[in-house]
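# Analysis of the macromolecular model
Single-letter residue listing:
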Amino acid sequence: MTEQSAATTPTSGRPRPLSPHLQVYRLPLPAIASITHRVTGVGLAAGTLLLAWWLIAAAMGPEAFATVQAVVGSPLGLLCLLGWVWAFWYHAMNGVRHLLWDAGYGLELGPVYRGGYLVWGGSIGLTVATAIVAFSVM
């Protein structure tokens, strides 16, 4: 008789990981939503620095403002603005979701997942709507 180690599956004897890791463990939607909420918070802080740069340049005069406009108006700058807008909508919608949780609503597993999908879809939809409105004005 051979002794089985803790690293083998009892029925098949095949090796298995000692602990879950990202290569075999799929994060559930609530965990992904929580991580994304934190990342968008950091992104909003960085985007707010860009907004502050834009406002300071506007106060400094036309040359400084033209420089910032050239950076922000570039394809990379527009992509960053689009990402900032998405981060804003995601963070805002997920914040409302957290407020509902604090009030005791939607704490069961089904509503948690539906709310996560709603936040993801809603933030993308609102970002597209914001981009359409922004570019129609330009």
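Here the structure is a predicted model, which means the values were calculated and not measured.

## Some thoughts on the side chain of His 37
Relative to the helices and strands, His 37 is located in helix α1 (residues 29-60). When sequence neighbours within four positions are dropped, the list of residues in contact with His 37 reads Tyr 90, His 91, Asn 94 and Gly 95.

## Quick look at the packing of helix α3 (residues 75-102) against helix α4 (residues 109-137)
The contact between α3 and α4 brings their axes to 9 Å, and the two run at 145°. In terms of crossing hand, the pair formed by α3 and α4 is right-handed. Taken together, the residues of the contact of α3 with α4 break down into 16 nonpolar, seven polar and one charged.

## Quick look at the packing of aromatic side chains
Remark: the centre distance and the inter-plane angle together describe each pair of aromatic rings, the angle taken between the planes. Scanning the model with the defined rule gives six aromatic pairs in all. With 6.4 Å between their ring centres and 25° between their planes, Trp 84 and Phe 88 make a pair best called stacked. Residue Trp 84 and its partner Phe 88 are both found in helix α3; the two are separated by four residues, about one turn of the helix. For Phe 88, a relative accessible area of 39% gives the class partly exposed.

Each value, and the rule that gives it
Residue positions are counted from 1 within each chain, in the order its sequence is given. Two thresholds apply to this predicted model, a pLDDT of at least 70 for residue-level local features and 80 or more for giving and counting side-chain atom pairs, whereas whole-chain, interface and lining totals are computed over all residues. Excluded from the side-chain calculations are hydrogens and water; all other atoms, namely the structure's heavy atoms, are used. Strands here are runs of E lasting at least two residues and helices are runs of H or I lasting at least four, both read from the DSSP assignment and numbered beginning at the N terminus. The contact criterion used throughout is that any non-hydrogen atoms of two residues lie within 4.5 Å. Where helices are involved, their axes are fitted lines through C-alpha atoms of the stretch in contact, as for all axes, and angles between N-to-C directions lie from 0 to 180°. By definition, turning the near helix anticlockwise from the far helix through less than a right angle yields a left-handed crossing, and turning it clockwise yields a right-handed one. All amino acids are sorted into three groups, where Ala, Val, Leu, Ile, Met, Phe, Trp, Tyr, Cys and Pro are nonpolar, Asp, Glu, Lys and Arg are charged, and the leftover types, Gly among them, are polar. Only rings of Phe, Tyr and Trp enter the pairing, Trp through its six-membered ring, and a pair is recorded when the two centres are within 6.5 Å. The plane angle decides the type: under 30 degrees is stacked, over 60 is edge-to-face, the rest tilted. For the exposure calls, accessible area comes from a 1.4 Å probe over protein chains only, and a residue counts as buried if that area is under 20% of its type's maximum, exposed if over 50%, partly exposed in between.

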